[in-house]
Structures are given as structure tokens and as C-alpha cells.
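# Architecture and fold: a report
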Amino acid sequence: MLQNLPGLLAPPVLERVTLALNHVLAAEPAATARLQPHAGRGVAIELDGWPPLLPRVPTLVWRITPAGLLDWGGLAPEGGAELQVHVDASNPALMLARAIGGERPSVHIEGDAQLAADVGWLLQNLRWDIAGDLERVLPRPVAHQLVQVGSALAGAWRAALGAASPLIERFGGGGRGGRGG
């Protein structure tokens, strides 16, 4: 039963991830403008170096809509997209901590050159304005304070995981290199 848990949780979680990605894209007109010419094409995310002790994460594919947004295409076999974005996931806990702290993971992009250039631009330039989103539903001082607390917690978590990184790599199988799967 537990083996099926990732398969049951993945669709609702990835639908929410798609909503969040589209929210960030829609907030930046230059981002949607870069994606519109690629409507109908697929972008696959592959987690390389994923520790074998953790449940396997399949390749995730999103299709670009005519509006320059993303439509989650489901859990797909390899080769289901014109562009593959390989993310170094050899240490998932550290990767998550760094992502929360605003750092981008190490990525390698393969596939269509123009789509790769536009997705690379998105990865380098898009930022989620969390404070701005919070200010839409909360008073500005409260939103600002929540962002500060969140940043402090993320920094503390990142520091703790950074200190534990040698142990995670030693006992968690987080070796660098090769493609996981």
C-alpha cells in the first residue's frame, strides 16, 4: 500500500505546483511572451542522482499553452518532451533547503535550442514575489513580518542541513554524478 502512496499523492501535488508556476509566470509578461511561441511543446523535469533509498520520482512533463503558461501533462516516460531539464537531486534535503532560501538548483538543459534558451532565461530571471502575494490578503506590516520570519526559518534550516550535509551524503547515498532514476 505504501508503494502506491507517491502515485496517489503526485497528481494533486503537481496540480498545485502547476498553479504556483503559472502564478509566477503570469506575474511577468516577458515570461509568458517567451513561452507563447512554444505552445504545444513539452518540457520535462528529470531529477538526476536521486537517492535509491527514496521512492523513485518519475519524469514530469508540462505542455506550454498558447497563453504562455503551463499545463501539467502527467507522469511521463522519457522522451515525452522537446526539452529536458535535468536537476541535480543527489541530495534532496539540501536541494529543498537551498530552494527555500532562494538558491537555484544545479540544472542541465537538453533539447530544442530556442526553447532551451527561453527556459534558461526563465530559470535565471523569474522570482516569486511572496511578499507581494501576502500583501494582497494581509496588511503590509504583517506580510512583511511573515516574509522575514520565513526567510529566517529557511536560513536556519539551510544552515542546519548544510552542517548535516556530510552525514546526509555519507548515510543517505547522496553521491554526486550520474543520472538517477
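See above for the structure.
Predicted model only: the values in this text are computed from it and were never measured.

Our focus in this paragraph is the overall build of the chain. The helix and strand inventory of the chain stands at 6 helices and 5 strands. N-terminal to C-terminal, the α/β element order of the chain is α-α-β-β-β-β-α-β-α-α-α. Relative to its 181 residues, the chain shows a buried fraction of 30%. Nonlocal contacts in the chain, meaning residues at least 24 apart in sequence, comprise 64% of its contacts between residues at least 6 apart. For the chain, the accessible area works out to roughly 10900 Å², and carbon and sulfur atoms hold 63% of it.

Next up on the list: the nonpolar core. Among the nonpolar cores identified, the biggest contains 19 residues, and Leu-25, Val-43 and Leu-83 are the most heavily contacted of them. Only α1 (5–26), α2 (29–35), β2 (60–64), β3 (70–75), β4 (83–88) and α4 (113–125) provide two or more residues apiece to this core. With 4 residues, α4 is the largest single contributor of residues to this core. Among residues more than four places away in sequence, those in contact with Leu-25 are Ala-31, Thr-32, Leu-35, Gly-68, Leu-69, Leu-70, Leu-122 and Leu-126.

Think of an α-helix as turning once every 3.6 residues; residues three or four places apart then point the same way. Relative to the 18 Å expected for 13 residues at 1.5 Å per residue, α4 spans 18 Å between its end C-alpha atoms, a close match to the ideal helical length. For α4, the set of buried residues is Leu-115, Ala-116, Asp-118, Val-119, Gly-120 and Leu-122. One side-chain oxygen of the residue at the start of α4 lies 3.3 Å from the amide nitrogen of Gln-114, identifying that residue as Asp-112.

Rules used in this analysis
Residues numbered from 1 in each chain as written. Predicted model: local features only at pLDDT ≥ 70, side-chain atom pairs only at ≥ 80, totals over all residues. Heavy atoms only, no water. Helix = DSSP H or I, 4+ residues; strand = E, 2+ residues; numbered from the N terminus. Buried < 20%, exposed > 50% of the residue type's maximum accessible area, 1.4 Å probe, protein only. Contact = heavy atoms within 4.5 Å. Areas by Shrake-Rupley, 256 points an atom, 1.4 Å probe, with all protein chains shown as cover. Core = buried A, V, L, I, M, F, W, Y, C linked by side-chain atoms within 4.5 Å. Expected span 1.5 Å × (residues − 1). Polar contact = N/O pair within 3.5 Å; in protein donor to acceptor, adjacent residues only side chain to side chain.

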